[in-house]
Amino acid sequence: MEGAELAWRHANEGDMAFLWGGLKEIHALETGDEDAENAKIYCNSALEDAPNRSIIAFYKTEAGDQPAGFLTFKVSGAHPFGVSYGPYGNKFAFVDYVYVSPSYRKRGVGSYLYDRLADVCKTIGVPEIILDVYNHNAPSMSFHQGMGFKPFVQLFSKKVGDANPGAS
């Protein structure tokens, strides 16, 4: 937005519709599933406690704040994904979701969100940011590598049958 200043804040109740919309888009990308009911389940669990662990980037305009993107995270000292991948004992911020509205992509909003998360981490004594990216999301992989993130584990999956063997 020409002439508008990019700013940030922690999410509040007024941001829930924006978070919901972005999470629905992420759900469809990650799963290929655009079913509204499945998206609702996915989004509701992601929105749990969102105001306390979400950063919203917005443009300040004369017409009011225009949300441009968000990043949700949690601080933990546990092993990522519940498995020990190395010498983790320090706290880290795990990024659950990062989203930039399509009209604001390629304008520095994603970088801005991560820079603000880094500021939050430094303030609360968290030395590392960890996240996961689906292999099929090449734009996200490229973006995160460009931001200095380095892959450190590869997860594999194999389907072995029906998830509900007793169902007919």
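Remember, predicted model here, so these are calculated numbers, not experimental data.

The rules we used
- Residues numbered from 1 in each chain as written.
- Predicted model: local features only at pLDDT ≥ 70, side-chain atom pairs only at ≥ 80, totals over all residues.
- Heavy atoms only, no water.
- Helix = DSSP H or I, 4+ residues; strand = E, 2+ residues; numbered from the N terminus.
- Buried < 20%, exposed > 50% of the residue type's maximum accessible area, 1.4 Å probe, protein only.
- Contact = heavy atoms within 4.5 Å.
- Areas by Shrake-Rupley, 256 points an atom, 1.4 Å probe, with all protein chains shown as cover.
- Core = buried A, V, L, I, M, F, W, Y, C linked by side-chain atoms within 4.5 Å.
- Pairing = 2+ DSSP bridges.
- Axes fitted to C-alpha atoms, helices over the stretch in contact; angles between N-to-C directions.
- Phe/Tyr/Trp six-rings, centres within 6.5 Å; stacked < 30°, edge-to-face > 60°.

A. The overall build of the protein, seen in detail. The number of helices and strands found in the protein is four helices and five strands. Put simply, the protein runs from its N terminus to its C terminus through helices and strands in the order β-α-α-β-β-β-α-β-α. Looking at the protein as a whole, 36% of its 168 residues are labelled buried. For the protein, contacts bridging at least 24 residues in sequence account for 63% of all contacts bridging at least 6. When the accessible area of the protein is evaluated, it comes to approximately 10300 Å², of which 52% is carbon and sulfur surface.

B. Main features of the nonpolar core. Of all hydrophobic cores here, the largest spans 23 residues; its most connected members are Val109, Leu117 and Ile129. Of all the elements in the fold, those that place two or more residues in this core are β2 (54-61), β3 (64-76), β4 (92-100), α3 (109-124) and β5 (129-131). The dominant element in this core, judged by the number of residues it contributes, is α3, at seven residues. Ranked by size, the runner-up nonpolar core spans 12 residues in total, among them Ala11, Leu23, Tyr97 and Tyr99.

C. Looking closely at the sheet that holds β3. One open sheet holds the five strands; their spatial order is β1-β2-β3-β4-β5, and the pairing between them is mixed. The open sheet has two edge strands with one neighbour each: β1 (5-10) and β5. Averaged over all neighbouring strand pairs, the angle between strand axes comes to 35°, with direction disregarded. Most of the contacts of helix α1 (residues 16-31) go to β3, to which it runs at about 65°, and overall it touches β2, β3 and β4. Strands in contact with α3 are β1, β2, β3, β4 and β5; relative to β3, the strand with the most contacts, it is inclined by about 45°.

D. Just the packing of aromatic side chains, in detail. Here the structure, examined in full by the defined rule, presents six aromatic pairs. Ring centres of Phe18 and Tyr99 lie 6.2 Å apart, and the angle between their planes is 65°; on these two criteria the pair is classed as edge-to-face. Here Phe18 is found in helix α1, whereas its partner Tyr99 is found in strand β4, with 81 residues between them in sequence. For Tyr99, a relative accessible area of 8% gives the class buried. An angle of 40° between the planes, with centres 6.0 Å apart, marks the rings of Tyr114 and Phe143 as tilted. In this pair, Tyr114 is assigned in helix α3 and Phe143 in helix α4 (residues 138-146), connecting sequence segments 29 residues apart. Take Phe143: its relative accessible area is 29%, and that puts it in the partly exposed class. Clustering of aromatic rings is evident, with ring pairs tying together Phe18, Phe70 and Tyr99.

Distances and angles like these do not, on their own, reveal function.
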